Amino acid sequence: MRKGKVHMELWASDIQVTNLGVKIGGGPFYFALVSGIEPGRDARFSFGAGLGGHLTLSHRFWVDLDVTGGTVQPVQKPLEGDGGNVLGQGRLMLGFQVLPRLALFAGPTYNMWFTWGQPDFDTVTRMDVKQSQPEPDQRLQHWPGLQVGLHI
């Protein structure tokens, strides 16, 4: 890819304490691969992919906006449960360039988590959720969230 860029991001969010992402793109658009892990009694990990856009506001400030889709799985016996799930996120990031190759970013997210069958978790966030049940064995949760991290 000509004039392409690759960036890594490390961040914490309301869904998982540790997240890692790779953004690959050229010009104002990028493709993102994201993953995360939440340790503890109900340890879980996630993985997904998405598309986004980058806008440079000034020498030090930038904005990224992306949408991702993926899944959340238990660390023990992943992909073996009696149900499934899809996690969709819209993320807005305001970045501040500290050094030429290091920036801090923070911003809001909007999240939707759809489960069916017997999900491994009641919820995947620390925030209050709005929930509906389209069918007896389905559940849809959505909520606003937060993220803060490093862009390398």
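Q: Quick question: what am I supposed to make of the packing of aromatic side chains here?
A: Aromatic ring pairs are described here by two measures, namely the spacing of the ring centres and the angle between the planes. Applying the stated criterion across every chain, the model contains 3 aromatic pairs. Between Phe61 and Phe96, the aromatic rings sit 5.2 Å apart at their centres with planes inclined by 50 degrees, giving tilted as the arrangement. Taken together, the residues Phe61 in strand β5 (residues 61–74) and Phe96 in strand β6 (residues 82–99) connect sequence positions 35 residues apart. Seen in terms of ring centroids, Phe114 and Trp116 are 5.6 Å apart; in terms of plane orientation they differ by 40 degrees. Their pairing is tilted. Over the face of the ring belonging to Phe121 we find Arg44, whose NZ or CZ atom lies 5.8 Å from the ring centre. When the ring centre of Trp11 is taken as reference, the NZ or CZ atom of Arg91 above it lies at 4.7 Å.

Q: Honestly, the side chain of Ser13 in this entry has me stumped. Any pointers?
A: Relative to the helices and strands, Ser13 resides in strand β1 (residues 4–13). By relative accessible area, which is 16% here, Ser13 ends up buried. At a separation of 3.2 Å, a polar atom in the side chain of Ser13 contacts the main-chain amide nitrogen of Ile15. Discounting chain neighbours no more than four positions away, the residues touching Ser13 are Asn19, Arg126, Leu146 and Gln147.

Q: Help me understand the pattern of salt bridges, please; the structure alone is not making it clear to me.
A: Two side chains bearing opposite charge may form a pair once their charged atoms approach each other closely. All told, the structure shown has 6 salt bridges when counted by the stated rule. Across the pair Arg91 and Glu9 runs a salt bridge, and its minimum N-O distance is 3.8 Å. Here Arg91 is found in strand β6, whereas its partner Glu9 is found in strand β1, with 82 residues between them in sequence. For Arg91, a relative accessible area of 2% corresponds to the buried category. Accessibility expressed as a relative area gives 1% for Glu9, which makes it buried. Here Asp64 makes a salt bridge to Lys23, at a shortest N to O gap of 2.6 Å.

Q: What is the right way to look at the pairing of strand β9 (residues 138–151) in this model?
A: In terms of strand pairing, β1 meets β9 through 5 bridges, oriented antiparallel. Within β9, the residue paired with Leu10 across the bridge is Leu150. Across 14 bridges, strand β7 (residues 102–118) lies against β9 in antiparallel orientation. When the sheet's bridge partners are listed, Trp113 is paired in β9 with Gln141. Relative to β9, strand β8 (residues 130–132) runs antiparallel, the two sharing 3 bridges. Bridged to Gln131 within β9 is Gln141. Here β8 folds back onto β9 in antiparallel fashion, the turn holding 5 residues.

Cut-offs applied
- Counting restarts for each chain, with residues numbered from 1 along the sequence as it is written.
- With pLDDT at 70 or above as the cut-off, local features in this predicted model cover only qualifying residues; side-chain atom pairs require 80 or more to be listed or tallied, and sums for whole chains, interfaces and linings still use all residues.
- To obtain the side-chain values, all non-hydrogen atoms of the structure were used and water was disregarded.
- Here is the rule: rings of Phe, Tyr and Trp (six-membered ring for Trp) pair when centre to centre is within 6.5 Å. Planes less than 30 degrees apart are stacked, more than 60 are edge-to-face, and the remainder are tilted.
- Secondary structure elements follow DSSP: runs of H or I of four or more residues count as helices, runs of E of two or more count as strands, with numbering from the N terminus.
- A ring has a charge above it when a Lys NZ or an Arg CZ is no more than 6 Å from the ring centre and no more than 35 degrees off the ring normal.
- Only protein chains enter the area calculation, which uses a 1.4 Å probe; residues under 20% of their type maximum are buried, those over 50% are exposed, and those in between are partly exposed.
- We call two N or O atoms a polar contact when they sit within 3.5 Å, provided that within protein one can donate a hydrogen and the other can accept it, with sequence-adjacent residues counted only if both atoms are side-chain atoms.
- Note on definitions: a residue-residue contact is assigned when non-hydrogen atoms from the two residues lie within 4.5 Å.
- Criterion for a salt bridge: a side-chain nitrogen of Lys or Arg within 4 Å of a carboxyl oxygen of Asp or Glu.
- Here the rule is simple: two strands pair whenever DSSP picks up at least two bridges between them.

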